[in-house]
Amino acid sequence: MNTFIPPDWITPADEPDDENYARKLSRRTKRRELIRVRRGLYLPIAAWNGLQPWERFAIRIDAVHRTAHSEPVFCQRSAAQLLGIPVIDIPAFVDTLVGQDGGGRSSADVRRHRADLSKVHTIRVGGLIATSKLQTVRDLAVALPFPDAVAAMDRALSRLPLRGERNGKALLKKQVEISMSLLPYMSQQRRVQRVLDFADRLSGSPGESMSRAHMMRLGFPLPELQHEVRDSAGRIGIHGFLLEGPWTDR
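Keep in mind that what you see is a predicted model, and the values were worked out from it rather than measured.

K.L.:
Even after reading the chapter, I still don't get the packing of helix α6 (residues 146-157) against helix α9 (residues 206-217), so can you show me in this structure?
P.N.:
Angle between the axes and distance between the axes are the two parameters that describe a pair of packed helices. Contact pair α6 / α9: the axes reach a minimum separation of 8 Å and the direction vectors enclose 135°. On the basis of their axis angle, the class for α6 and α9 is oblique. Viewed along their axes, α6 and α9 form a crossing whose handedness is right-handed. For the pair α6 and α9, the contacting residues are Phe146, Pro147, Asp148, Val150, Ala151 and Asp154 in the first and Pro206, Ser209, Met210, Arg212, Ala213, His214, Met216 and Arg217 in the second. In terms of residue class, the contact of α6 with α9 is built from eight nonpolar, two polar and four charged.

Here it is, written out as structure tokens:
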């Protein structure tokens, strides 16, 4: 994924000597010159309209971070976005973890999940806190549709480092199984195990991962991944998918 540089926020604090600046921003929003992403955080409407869905998602995550009373822990698809794990279906809300005894309620744009924060493994990415790669893909395997969860798991098992990892090591399936065993419900553990059994670190892209999952669901034979094709002169190329015959003409 290409590096995304978000536009600068426009806030009432930009003009501290102008007592009416907040009202001016509100009027500009009504005139469709600005969009209010969260309270006190605005962007030019033209800049917002030019963004891809995943870029808007990244901006909304940053907005939740900036407006939180205490530093949030991002989880599930929000953590995946920060880590560079594929997010296929961009949600309309941001996922955060809160303690079991407090942390506020979910709202239209923030979904809060209660957890024992002392048992949560986190990583800091770009100044924000997210659940670790291991916990994120485990939680996604529980929460997401099977093809989306496979795309995330394949990427985490890959040897390519994620965002913020200098020398990140690929996850091992055994590590995911250990983390999976800590889930409180057997139904959750079975969902993770199903994704893990199907996952393959050789998948070359989220599209390949999802295609493979749909092939399985539709009863097609599973392909060999990243098959190298060679001739007498050397390597010709690599097939993302290779399906072997026998084939018959109709």
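K.L.:
I tried to follow the pattern of salt bridges on my own but got confused; where do I start?
P.N.:
Pairs can form between side chains of opposite charge whenever their charged atoms are close. Scanning all chains against the criterion turns up nine salt bridges. One salt bridge in this structure joins aspartate 109 and arginine 38, with 2.8 Å as the shortest N-O distance. Within this pair, whereas aspartate 109 is found in the loop between β4 (94-99) and β5 (110-115), its partner arginine 38 is found in strand β1 (residues 34-38), the two being separated by 71 residues in sequence. A salt bridge links arginine 77 to aspartate 89, with the nearest nitrogen and oxygen atoms 4.0 Å apart. Linking arginine 77 in helix α4 (residues 76-83) with aspartate 89 in the loop between α4 and β4, this pair joins segments that are 12 residues apart in sequence. Looking at aspartate 89, the relative accessible area reads 48%, which means it is partly exposed. Counted as one network, the salt bridges with shared partners bring together Arg28, Arg31 and Glu33.

K.L.:
Looking at this model, I keep getting lost on helix α5 (residues 133-143). Mind explaining?
P.N.:
Residue pairs spaced three or four apart in an α-helix point in one direction, given the helix's 3.6 residues per turn. Counting buried positions along α5 yields nine of 11 residues, so the element is predominantly enclosed. Those residues of α5 that sit buried are Lys133, Gln135, Thr136, Val137, Arg138, Asp139, Leu140, Ala141 and Val142. The inward-facing, buried residues of α5 abut α4, β4, β7 (128-131), α6, α7 (173-180) and α8 (186-198).

K.L.:
Got a minute to help me understand the nonpolar core in this structure?
P.N.:
With 38 residues, the main nonpolar core has Ile61, Phe74, Ile85, Met153, Val192 and Val195 as its most contacted residues. Mapped onto this core, the elements with two or more residues apiece are α3 (53-67), α4, β7, α5, α6, α7 and α8. Examining the composition of this core, we find that seven residues originate from one element, α6, more than from any other. Not counting residues within four places of it along the chain, the set of residues in contact with valine 192 comprises Arg138, Ala141, Val142, Val176, Met180 and Leu183. Membership of the second largest hydrophobic core comes to eight residues, among which are Val37, Leu41, Ile59 and Ala63.

Parameters at a glance
- Residues numbered from 1 in each chain as written.
- Predicted model: local features only at pLDDT ≥ 70, side-chain atom pairs only at ≥ 80, totals over all residues.
- Heavy atoms only, no water.
- Axes fitted to C-alpha atoms, helices over the stretch in contact; angles between N-to-C directions.
- Helix = DSSP H or I, 4+ residues; strand = E, 2+ residues; numbered from the N terminus.
- Parallel < 35°, antiparallel > 145°, perpendicular 65-115°, else oblique.
- Left-handed = near helix turned anticlockwise from the far one by under 90°.
- Contact = heavy atoms within 4.5 Å.
- Nonpolar A, V, L, I, M, F, W, Y, C, P; charged D, E, K, R; others polar.
- Salt bridge = Lys/Arg side-chain N within 4 Å of Asp/Glu carboxyl O.
- Buried < 20%, exposed > 50% of the residue type's maximum accessible area, 1.4 Å probe, protein only.
- Core = buried A, V, L, I, M, F, W, Y, C linked by side-chain atoms within 4.5 Å.

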